[in-house]
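# Summary of structural features
Okay, here's what each chain looks like letter by letter:
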Amino acid sequence: HDPVATEHTFLVEDNMARCNLCHTSATVPTDIRLVSNSDYDGDGVTSESLKDELATIQEGLLYAMQDHAVELGEAICYDGHSYPYFFNDTDGDRSCSSAEATRTNGFTAFDAALLKASFNYQLGQKDPGAWAHNFDYIVQLHIDSIEDVGGSIEAYDRP
């Protein structure tokens, strides 16, 4: 980070020249990948961006949360644009329709594991730069959450 050259902005785009000192092939911030060729999300692709690795793990977390909610006798869906974000999935299709994503339909049947996982999922969703800020932490947090709600973590590679 170079506050002088970027006139003290926090925009990654203003620092790309500095980023390119190490990440020579990156043309935009989302191209940046650590030196490791690990397949963190277990999809068989080792060349995708860290952002994409995290996105697949986040999908896995939401899926594991939805499976856990069904085990609790409920169905849950997520809409990051509508408060309270987690809703009763009344049609069981694992996605929130506009009719479901209403405050009065907020999901409340959390047990401890699902509540922790929902917090961690929301943290990853609301920090669009989580893949860059602390990739190792956010990935491990999501993998731990998957395990905590009873999901399989066999495919994932911890940083």
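What you see is a predicted model; the values in this text were computed from it and never measured. (Residues numbered from 1 in each chain as written. Predicted model: local features only at pLDDT ≥ 70, side-chain atom pairs only at ≥ 80, totals over all residues. Heavy atoms only, no water.)

Note the cis peptide between Tyr-83 and Pro-84, where omega equals 15 degrees. For Pro-84, the position within the fold is in the loop between β1 (76-78) and β2 (86-88). For Tyr-85, which is not glycine, the phi dihedral falls at a positive 75 degrees. Position of Tyr-85 among the secondary structure elements: in the loop between β1 and β2. Despite not being glycine, Arg-94 shows a phi value in the positive range, around 70 degrees. Along the chain, Arg-94 falls in the loop between β2 and α3 (112-126). (Helix = DSSP H or I, 4+ residues; strand = E, 2+ residues; numbered from the N terminus.)

Another aspect to go through is the pattern of salt bridges. Summed over the entire model, instances satisfying the criterion amount to four salt bridges. The shortest N-O distance in the salt bridge between Asp-67 and Arg-94 comes to 2.4 Å. Pair noted here: Asp-67 is in helix α2 (residues 50-71) and Arg-94 is in the loop between β2 and α3, with a separation of 27 residues, a long-range link. Look at Asp-67 and you get partly exposed, because its relative accessible area is 29%. Among the ionic pairs, Arg-158 bridges to Glu-147, the shortest N-O distance being 3.9 Å. In this pair, Arg-158 is assigned in the segment after α5 (135-148) and Glu-147 in helix α5, connecting sequence segments 11 residues apart. (Salt bridge = Lys/Arg side-chain N within 4 Å of Asp/Glu carboxyl O. Buried < 20%, exposed > 50% of the residue type's maximum accessible area, 1.4 Å probe, protein only.)

With respect to the helices, strands and loops of the structure, Trp-131 is situated in helix α4 (residues 130-133). Counting along the chain gives 80 residues from Trp-131 to Lys-51, while the straight-line C-alpha distance between them is 5.2 Å. Here Pro-128 takes part through its backbone oxygen, which lies 3.2 Å from a polar atom of the side chain of Trp-131. (Polar contact = N/O pair within 3.5 Å; in protein donor to acceptor, adjacent residues only side chain to side chain.)

To continue, consider the packing of α3 against α5. A pair of packed helices can be characterised by two numbers: the angle between their axes and the separation between those axes. Running from N to C, α3 and α5 cross one another at 155 degrees; their axes reach a closest spacing of 9 Å. The pairing of α3 with α5 is recorded here as roughly antiparallel in orientation. Judged by the sense of rotation from one axis to the other, the crossing of α3 with α5 is left-handed. Here Ala-113, Lys-116, Ala-117, Asn-120, Tyr-121, Leu-123 and Gly-124 of α3 lie close against α5, whose contacting residues are Ile-138, Leu-141, His-142, Ser-145 and Asp-148. (Axes fitted to C-alpha atoms, helices over the stretch in contact; angles between N-to-C directions. Parallel < 35°, antiparallel > 145°, perpendicular 65-115°, else oblique. Left-handed = near helix turned anticlockwise from the far one by under 90°. Contact = heavy atoms within 4.5 Å.)

Counted at 1.5 Å a residue, the expected span for α5 with its 14 residues is 20 Å, and the 20 Å between its end C-alpha atoms agrees. Residues Phe-135, Ile-138, Val-139, Leu-141, His-142, Ile-143, Ser-145 and Ile-146 constitute the buried set of α5. Buried residues in α5 make contact with α2, α3 and α4. Phi turns positive one or two residues past the end of α5, at Gly-150, with a value near 95 degrees. (Expected span 1.5 Å × (residues − 1).)

The values are spatial; any link to function lies outside them.
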